Amino acid sequence: MKKLIQSFSLSVDFYQRAHAMHWNVTGIDFPVYHQFFAIIYQEVYAVIDIFAEQIRVTDNFTPSIHQALLQSTLPESGNITGTKAFLMLKELDICNELVINSLNSAFNEATLADEQGLADFLSARIDAHKKHGWMIKSCLQ
């Protein structure tokens, strides 16, 4: 379940970035984007524990938050300290697409292993990130 653990690591990193963007966004649209980033990070954070438990169900160990961040392959963040919302959104959009790709790979891995419950969980995560992507892209237009 290597792809599952990688998806967990990317999800933890994605959560952490959205939360940092929530804290550090600046500009005239601050109130709107402060709340927007909160919606995203809160949704992702709400399933981190469930995600970790899904890994344990597969008889694997879940990396710590620190380990997950070290294992993440999302590109280095340059937009979390007082940067304009547009640049943060562009970064989050790229990261979200990478999370979706990773979740799709983990879904395929779970399906091949006949892990229907896990595949169902991953399917829901894919849908959630597609919704995040739609909202992020809408803000970028």
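Residues numbered from 1 in each chain as written. Predicted model: local features only at pLDDT ≥ 70, side-chain atom pairs only at ≥ 80, totals over all residues. Heavy atoms only, no water.

**Comments concerning the overall build of the chain**
Then, in step 1: Within the chain, the regular secondary structure consists of five helices and zero strands.
Then, in step 2: In the chain, the succession of helices and strands from N to C terminus is α-α-α-α-α.
Then, in step 3: Seen along its three principal axes, the alpha-carbon backbone of the chain occupies a region of about 50 × 30 × 20 Å.
Then, in step 4: Total accessible area on the chain stands at roughly 7500 Å², and carbon and sulfur atoms take up 58% of it. (Helix = DSSP H or I, 4+ residues; strand = E, 2+ residues; numbered from the N terminus. Areas by Shrake-Rupley, 256 points an atom, 1.4 Å probe, with all protein chains shown as cover.)

**With respect to the state of the cysteines**
Then, in step 1: Counted according to the given criterion, the structure contains zero disulfides.
Then, in step 2: In this model C95 remains outside any disulfide bridge; the closest cysteine sulfur is found in C139, 16 Å from its own.
Then, in step 3: Judged by its relative accessible area of 0%, C95 is buried. (Disulfide = S-S within 2.5 Å. Buried < 20%, exposed > 50% of the residue type's maximum accessible area, 1.4 Å probe, protein only.)

**Some words on the environment of Y15**
Then, in step 1: Relative to the elements of secondary structure, Y15 occurs in helix α1 (residues 2–24).
Then, in step 2: Separated by 100 residues in the primary sequence, Y15 and E115 place their C-alpha atoms 25 Å from one another.
Then, in step 3: Residue contacts for Y15: discarding those within four places in its chain leaves Y41, V44 and Y45. (Contact = heavy atoms within 4.5 Å.)

**Side note on the packing of aromatic side chains**
Then, in step 1: Summed over the entire model, instances satisfying the criterion amount to seven aromatic pairs.
Then, in step 2: Relative to F37, the ring of F36 has its centre 6.1 Å away and its plane inclined at 55°; by these criteria the two rings are tilted. Neither residue differs from the other here; F36 and F37 are each classed as buried.
Then, in step 3: Measuring from ring centre to ring centre gives 5.2 Å for F51 and F121, while their planes differ by 80°; the resulting arrangement is edge-to-face. (Phe/Tyr/Trp six-rings, centres within 6.5 Å; stacked < 30°, edge-to-face > 60°.)

**A closer look at the nonpolar core**
Note that soluble globular proteins tend to have their nonpolar side chains buried in a common cluster.
Then, in step 1: Core analysis: the biggest nonpolar cluster contains 39 residues, and F8, F14, F36, F37, F51, L92 and L122 have the highest contact counts within it.
Then, in step 2: Residue assignment for this core shows that the elements contributing at least two residues are α1, α2 (30–57), α4 (85–112) and α5 (116–140).
Then, in step 3: Sequence-distant contacts of L122, defined by excluding residues within four places in its chain, comprise L4, F51, L103, A106, F107 and A110. (Core = buried A, V, L, I, M, F, W, Y, C linked by side-chain atoms within 4.5 Å.)

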